[in-house]
Amino acid sequence: MSEKEKDGFYSVYEVFSKKTDKSPLQHQFSLLAPNEEMALIMARENFFRREPVADIWVVKRDNVRVMTQEEKEMLKRLDDKDYRETKGYGYLKKKWRKYQQEQFTEKNLLSSSKSKGGSK
Amino acid sequence: MTIETSFDQLTEEEKYEHFLARIDAGEKIEPNDWMPDDYRQSLIRLISMHGISEIMGALPEKEWVPKAPTLHRKLAIMAKVQDEMGHGQLLLRVAEDLMEPLDMNREDIMQNLFSGKLKFHNVFHMKAPTWGDAGIIAWLVDGAAIISQSMMLNSSYGPYARALKRICAEEVFHAQHGESIIMALAEGTPEQRELLQDALNRWWTALLMFFGPKSKENASTSHVDKNMRYKIREKTNEELRQEFFTKYVPRIWSLGLTIPDETIHFDEEQGLWVYQDPDWNEFKEIVTGNGPQSKERLELRKTSYENNRWVREALNPAAKAI
Amino acid sequence: MAQDKALVELLYTLADDDFILAYRGSEWLGLAPHIEEDVAYSSINQDMMGHAAKYYHLLEELGEGDADELSHLRSPEKFRNAVLLEEKNGEGTYLEQPQYDWAFAVVRNYFYSIHKKFRMDSLRQSSYEPLSDTAKKVSIELQYHLMHWETWFKQLMTSTDEAKRRMTAAVERCWNEMGGVLSLGPMAEEMAEKGYIASEETMRTKWLDHMKKTFEQIGADFPGELGMTKGNGRQGEHTEDLTQALETLSEVYETNPKVAW
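Starting afresh in each chain, residues are numbered from 1 along the sequence in its written order. Chains and ligands are labelled sequentially in the order written, the chains with letters from A and the ligands with numbers from 1. Two thresholds apply to this predicted model, a pLDDT of at least 70 for residue-level local features and 80 or more for giving and counting side-chain atom pairs, whereas whole-chain, interface and lining totals are computed over all residues.

## Notes on the confidence of the model for chain C
pLDDT is defined as a per-residue confidence score from the predictor, taking values between 0 and 100. When pLDDT is averaged along chain C, the result is 97, and 99% of the positions lie at 70 or above. Scored by ipTM, the complex comes to 0.97, with pTM at 0.94.

## Quick look at unusual backbone geometry
All names here are of chain B. The phi torsion at Lys 231 lies on the positive side, around 55°, for a residue other than glycine. The helix and strand labels rest on DSSP assignments: H or I over at least four residues marks a helix, E over at least two residues marks a strand, and numbering proceeds from the N terminus. Note on placement: Lys 231 falls in the loop between α8 (221–229) and α9 (237–254). With C-beta atoms placed from the backbone, a residue is labelled by how many other C-beta atoms lie within 10 Å of its own: buried for 20 or more, exposed for 12 or fewer, partly exposed between the two. Lys 231 sits in the partly exposed class, given 18 other C-beta atoms within 10 Å.

## Some words on the interface of chain C and chain B
With 45 residues of chain C at the contact, the number on the chain B side is 41 residues. Those elements that provide at least two residues to the side of chain C that touches chain B are α1 (5–28), α2 (35–61), α3 (67–73), β2 (99–100), α6 (129–157), α7 (161–182) and α10 (240–249) of chain C. For the side of chain C that touches chain B, the leading source of residues is α2 of chain C, giving eleven residues. Residue classes in the side of chain C that touches chain B are distributed as 22 nonpolar, 16 polar and seven charged. Contact definition: two residues whose C-beta atoms, as placed from backbone geometry, lie within 7 Å. Polar here means any residue outside two lists: the nonpolar Ala, Val, Leu, Ile, Met, Phe, Trp, Tyr, Cys and Pro, and the charged Asp, Glu, Lys and Arg; Gly therefore counts as polar.

## A few points about the pairing of strand β1 (residues 11–18) of chain A
Residue and element names in this part refer to chain A. Judged from the six bridges that link them, β1 and strand β2 (residues 26–33) form a sheet pairing that is antiparallel. Within β2, the residue paired with Tyr 13 across the bridge is Leu 31. Bridge count between β1 and strand β3 (residues 55–60): six bridges; the pairing is antiparallel. Paired with Val 15 across the bridge in β3 is Val 58. Two strands are counted as paired when DSSP detects at least two bridges linking them.

If you want it as structure tokens, here you go:
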């Protein structure tokens, strides 16, 4: 059994990790391994022997659908979609001022409001 | 870079123009992107040599791993040589992905190494007979490596740039590990200082050679030019060597060590270091596998690779299925 | 606390076991069957040598001498490691023609790690507090070693005929010396009585139970009686292999132990 065969001992596994419980999963590097158990134990020390890590995923590369350069062209779009961005709603600031109210920003919309009374 | 029609419908020339425009705009090329064949070939040549040099580079230092003088030194040099293997891993993965469309993998890389087709850096063909060599390798060879690697941190090839970023971060540990060893020797007994000076004498020429020849007659500078056009690298061999002098010569002198080149000095007028050029024919001999320790190192790598083949065969999923 | 011979002997046992096996592991650096594995294995060896250093420091605190001297300059008969752990990785040396045996590396490390786990479980309750503190720390890193070696052991034991043949030979070889690893030497009873560590018998039973389960799980024949054919390292009996190891590992240090390196 030659070591050249594509699905042999030298199969490519992509490695993902989370730095802490709260971190998003991030792609790291890739390694060669004969199966996913081996990929996992080797990933641990090949990529996280210094930095903290809270979780590791390994995925056989054959199971990842990647994009060609042609397909990446479909990721582009025009910058004309103000209607789904907050910048399309900036005029409200002036409107609210008329009613002696402030326009909510992202910050006070997302944080639980500490009641400070109504108007300023 | 936006193109107006489908990428696949472009002519080869248009694709090439588009590729150069991307590079000039500072975009990163990724493995599945279109790339001209000579860009792929340049990368394979450069990165497989870089990667296998890390793997071969583990060997001179590993000679000192079991012998390192104290518990702390044993631990530190193990970690250092482990990193070299790790860097080899990162780089070979980049090279292997580039080779995949050519139906080649790590097995081919190893076989090319054994047959002499794939070369490794001149410094790793040298003998490392004392603990002083372990210090000089970590201090100056790694110092030289940091200089030549950091100029490629902005490489146009994304995976290479990302691998180098991680590698350079670890190299900082290596440099300090090296400084720590040589500092102890430099501040030690006359015998310890002698270990250090002897090692410096042994390694100096190899260090100059590490950056490659400067003049066109001497080397494949066409590779250098091409790699610069493709934004794989940013500086010439000589620029790198000068950087090395600027960084390290004053430090070597400050420790009271002697550089085995009486001519070396900084020429204020030219703004350059003047030095004794090494014998580039010797360099060619070394990198083509005729260096002082080339055969032994290759033999060691080959023995371990072949001796353990049964392990890789045993875990080959294709073998298990039968 | 007054010098307690049983405690000192136990600490040497713990220190020397980890130190010598880590040393043998460090010879493998750069020569493992796979680059990725080389990196992983080296971390384990660093961990183990780090554990050894912790025990040597405990001995230092007990007035036994400097940790580097203890690890590098004692004569072979002063070492308390088990003979199995000092044995060469295979024919040749790490510098020349290393015909190293990966099956032996896997089995030896797997058997030892399982024993080390039961050891740590017991030492975490040790009556000697500095030792129980150390055991708590060592246990954390040991988790990875266990997972790593168990994966290798089980996969190779259930793969090709050639691998099974090599693994079975390595199992037999390790089994014949494993008695020495499980031994605590002439002071075993006193160590247990003073609450430093569980009795030899307890740990031996636990190890054997674990192995029975493992062998059953992978459908391999369970070997017979454990042996100790080449001497008991706990009472200073060793092979030429240890002499060679100590010569190599102290080559630089012994040129001048008084100076900083």
